[in-house]
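# Fold and contact review
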Amino acid sequence: MRKVIGIGETVLDIIFRGNQPVSAVPGGSTFNSLISLGRSRVSSCFISETGADRVGQQIVDFLDENGVDSSQVMRCEGVKSPLSLAFLDAQNNADYVFYKDHEHDRLQFSLPSIGPDDVVLFGSFYALNPVIRQQVGHFLHEARQSGAILYYDVNFRASHRHERRQIDEALRENLSLAHIVRGSDEDFNILYGLSSAEDVFRGQISPFCSNLIYTRGDRPVQVFGRGNVRLEHAFEPIQAVSTIGAGDNFNAGFIFQLLRSGITRSQIEQGLDADQWVECLQTAAAFSRECCLSMDNYVSVDFGKRMAGKASE
């Protein structure tokens, strides 16, 4: 059975509306994706670290409860689990404040079994952090050599803008290892000062990776694929309760459809056709939409069960 292996940070997301906390849920970009995949009955494993404290235990328990293998989540003695404060505006978009000391990051794990056509999900500053880059880079190279599909969610926040030069080599390496790169207009504007998807792909992504998914909030997503595939796909507008986790669940839905459709690494390397891209984008949008209709960072348990049922048909 194919599986998804994610590597990334864990946080406790405390969500505010009108300067008052309204929710607190386990989170983290890759974490959110894997919870949704676990709820959809996709075999999943998470590699990360957290504090050996009450919040850390809550995070590990939550992974286990949702069918995600937590055996590679390191519990760090003397380290407080990180927090994220998310402030929702009138349109329910979030502005974040993070409380984490990256200088004390540490990462130790046993390399999980990686099979051909398994999917490895990585991204955010976690995949660039110089303190743990050696471990992360080694894992990504091993995954690539094992025949896995590498899906890279850039997800670069403005709070790390001052570290842009420091992470340039790791960024290029990530792009060169990835089979699919997903990033937002905001990510690429912060990284490269570019606001055109065409400019981003031609100048920054295509020298390293042939497949780019360029998202723009509620505007149509743009895809640049191997074989000169170019498409723009619009989605049904919704009234979001919260946009936290929207991109993470887009990733989960896209990966879910890759597996459901039996798309292999070889097919991606040869080039997906427009119909395959659209099918994956539609499922990505369905996962993202479901997340945005609640205060959670992931799809609901019932939604996951429905998707799992469709996948088994």
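So, a few notes on the structure that sits alongside this text. (Residues numbered from 1 in each chain as written. Predicted model: local features only at pLDDT ≥ 70, side-chain atom pairs only at ≥ 80, totals over all residues. Heavy atoms only, no water.)

Membership of the largest hydrophobic core comes to 49 residues, with the highest contact counts inside it found for Tyr151, Ile213 and Phe254. Discounting residues that sit within four places of it in the chain, tyrosine 151 has contacts with Val119, Val120, Leu121, Phe122, Ile180, Arg182, Ile213, Phe250, Asn251, Phe254 and Ile255. With 40 residues, the next largest nonpolar core counts Leu191, Ala197, Ile205 and Leu212 among its residues. (Core = buried A, V, L, I, M, F, W, Y, C linked by side-chain atoms within 4.5 Å. Buried < 20%, exposed > 50% of the residue type's maximum accessible area, 1.4 Å probe, protein only. Contact = heavy atoms within 4.5 Å.)

Taken together, the side chains of Asp61, Asp64, Glu65 and Asp69 present a region of like negative charge at the surface. Among the elements that take part in the negative patch, helix α2 (residues 54-65) stands out by supplying 3 residues, more than any other. If you trace the backbone, aspartate 61 turns up in helix α2. (Patch = residues over 30% accessible without salt bridge, like charges linked within 9 Å, V, L, I, M, F, W, Y side chains within 5 Å. Areas by Shrake-Rupley, 256 points an atom, 1.4 Å probe, with all protein chains shown as cover. Salt bridge = Lys/Arg side-chain N within 4 Å of Asp/Glu carboxyl O. Lys, Arg positive; Asp, Glu negative; His and termini not counted. Charge placed at Lys NZ, Arg CZ, Asp CG, Glu CD. Helix = DSSP H or I, 4+ residues; strand = E, 2+ residues; numbered from the N terminus.)

Where burial is concerned, most of strand β11 (residues 212-216) is hidden: 5 out of the 5 residues are buried. Strand direction decides the pairing type here: strand β10 (residues 180-184) and β11, joined by 4 bridges, are parallel. Its bridge partner lying in β11, glycine 183 is registered against tyrosine 214. Two elements, β11 and strand β12 (residues 219-225), share 4 bridges in a ladder whose sense is antiparallel. Bridge pairing in β12 links tyrosine 214 to glutamine 222. Counting the residues that bridge the hairpin from β11 to β12 gives 2 residues, and of these glycine 217 lies at a positive phi of roughly 65°. (Pairing = 2+ DSSP bridges.)

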